[in-house]
Amino acid sequence: NQASDLNYMGIFSAEMGNYSKALEYFKRARDLFLKESRQGMAAVCMGNLAGVYIKLGNETKAIPLIEKSIQLFKELKTGWQKSKATYIGLMGDIFFNAGELNKASNYYNQAVDIYKQLKTEEHQVSYFLSKLGDVRRDLGDYSLASDYYNQALNINENARIFKEITKTTNLINIGYLC
């Protein structure tokens, strides 16, 4: 399908650092997916567009694309929860990097809730709990930060998919608080 091919060309162009071409491919793919009433894939293309804008340092263009993407995923209701959680987490990262910690916390909490419902994404739950720990640490709430880091560490130790890097990060974060 042409829309899928354009999306893949956008991914390839972005990976090669040709961001202007990637934007062109993603926009064309998004438009075709919308024309074909394939909202889920259109939402993915919007997320891909946002990713390129973030790489270019233009979060102002990325935010509305991610918001629209999340909205489309919510309208679809089923089958796209993981993608929705990914983009919600990305919004958290944008706000965290901008120093808007309460907004970041809100998005990270939403991502945690969705990933918990999926039951197969323990490593993502752990990752976003760790991000919530980062928010609390930056807000000076070291006790709650430590709680989040420990929750993340416990998930890693009990998860079916063990992520050594996340475990190491959580141990470093706990050590940072001591």
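Remember, it's a predicted structure, so these values are computed and weren't measured experimentally.

Participant: Can you walk me through the overall build of the protein chain in this structure?
Facilitator: When helices and strands are counted, the protein chain shows 9 helices and 0 strands. Start at the N end of the protein chain and walk to the C end: the helices and strands fall as α-α-α-α-α-α-α-α-α. Across the 178 residues that make up the protein chain, the buried fraction comes to 45%. If you sum the accessible surface of the protein chain, you get close to 9,400 Å²; carbon and sulfur atoms cover 51% of it.

Participant: How do you make sense of the environment of Leu65 when you look at a structure like this?
Facilitator: With respect to the secondary-structure elements, Leu65 resides in helix 4 (residues 59-76). Looking at Leu65, the relative accessible area reads 15%, which means it is buried. With 22 residues separating them in the primary sequence, Leu65 and Ala43 have C-alpha atoms 8.5 Å apart. Non-local contacts of Leu65, meaning those with residues more than four positions away in its chain, are made with Arg30, Met46, Leu49, Ala50 and Tyr53.

Participant: Please explain the confidence of the model for the protein chain as it appears in this structure.
Facilitator: Close inspection of predicted coordinates is inappropriate in any region flagged by low pLDDT. With 88% of its residues at a pLDDT of at least 70, the protein chain reaches an overall mean of 89. Ranking the helices and strands of the protein chain by mean pLDDT puts helix 2 (residues 19-35) first, with 96, and helix 9 (residues 164-177) last, with 58.

Participant: Sorry if this is basic, but what is going on with the pattern of salt bridges here?
Facilitator: Two side chains bearing opposite charge may form a pair once their charged atoms approach each other closely. This model, assessed by the stated rule, comprises 10 salt bridges. In this structure, the salt-bridge partner of Glu24 is Arg28, at a minimum N-O distance of 3.8 Å. Taken together, the positions of Glu24 and Arg28, both in helix 2 and 4 residues apart, correspond to about one turn of that helix. One salt bridge in this structure joins Glu100 and Lys103, with 3.2 Å as the shortest N-O distance. Residue Lys103 is classed as partly exposed on the basis of its relative accessible area of 43%.

Participant: I keep staring at the packing of aromatic side chains and nothing clicks. Help me out?
Facilitator: Any two aromatic rings considered together are summarised by their centre-to-centre distance and by the angle between their planes. Following the criterion strictly, the structure yields 6 aromatic pairs and no others. Considering the side-chain rings of Phe73 and Trp80, the 5.5 Å spacing of their centres and the 25 degrees angle between planes classify their relative orientation as stacked. Given the relative accessible area of 2%, Phe73 is considered buried. Seen in terms of ring centroids, Tyr115 and Phe128 are 5.9 Å apart; in terms of plane orientation they differ by 10 degrees. Their pairing is stacked. Separated by 13 residues along the polypeptide, Tyr115 in helix 6 (residues 101-118) and Phe128 in helix 7 (residues 122-138) bring together distant segments of the chain. Side by side, Tyr115 and Phe128 carry an identical accessibility label, which is buried. When the ring centre of Phe96 is taken as origin, the NZ or CZ atom of Lys131, which lies over that ring, is 5.0 Å away.

Participant: Explain unusual backbone geometry here, please?
Facilitator: A negative phi angle characterises most non-glycine residues, just as the trans form characterises most peptide bonds. Non-glycine residue Ser37 carries a positive phi angle of around 60 degrees. Along the chain, Ser37 falls in the loop between helix 2 and helix 3 (39-55).

Rules used in this analysis
Residues numbered from 1 in each chain as written. Predicted model: local features only at pLDDT ≥ 70, side-chain atom pairs only at ≥ 80, totals over all residues. Heavy atoms only, no water. Helix = DSSP H or I, 4+ residues; strand = E, 2+ residues; numbered from the N terminus. Buried < 20%, exposed > 50% of the residue type's maximum accessible area, 1.4 Å probe, protein only. Areas by Shrake-Rupley, 256 points an atom, 1.4 Å probe, with all protein chains shown as cover. Contact = heavy atoms within 4.5 Å. pLDDT = per-residue confidence, 0-100. Salt bridge = Lys/Arg side-chain N within 4 Å of Asp/Glu carboxyl O. Phe/Tyr/Trp six-rings, centres within 6.5 Å; stacked < 30°, edge-to-face > 60°. Lys NZ or Arg CZ within 6 Å of the ring centre and 35° of its normal.

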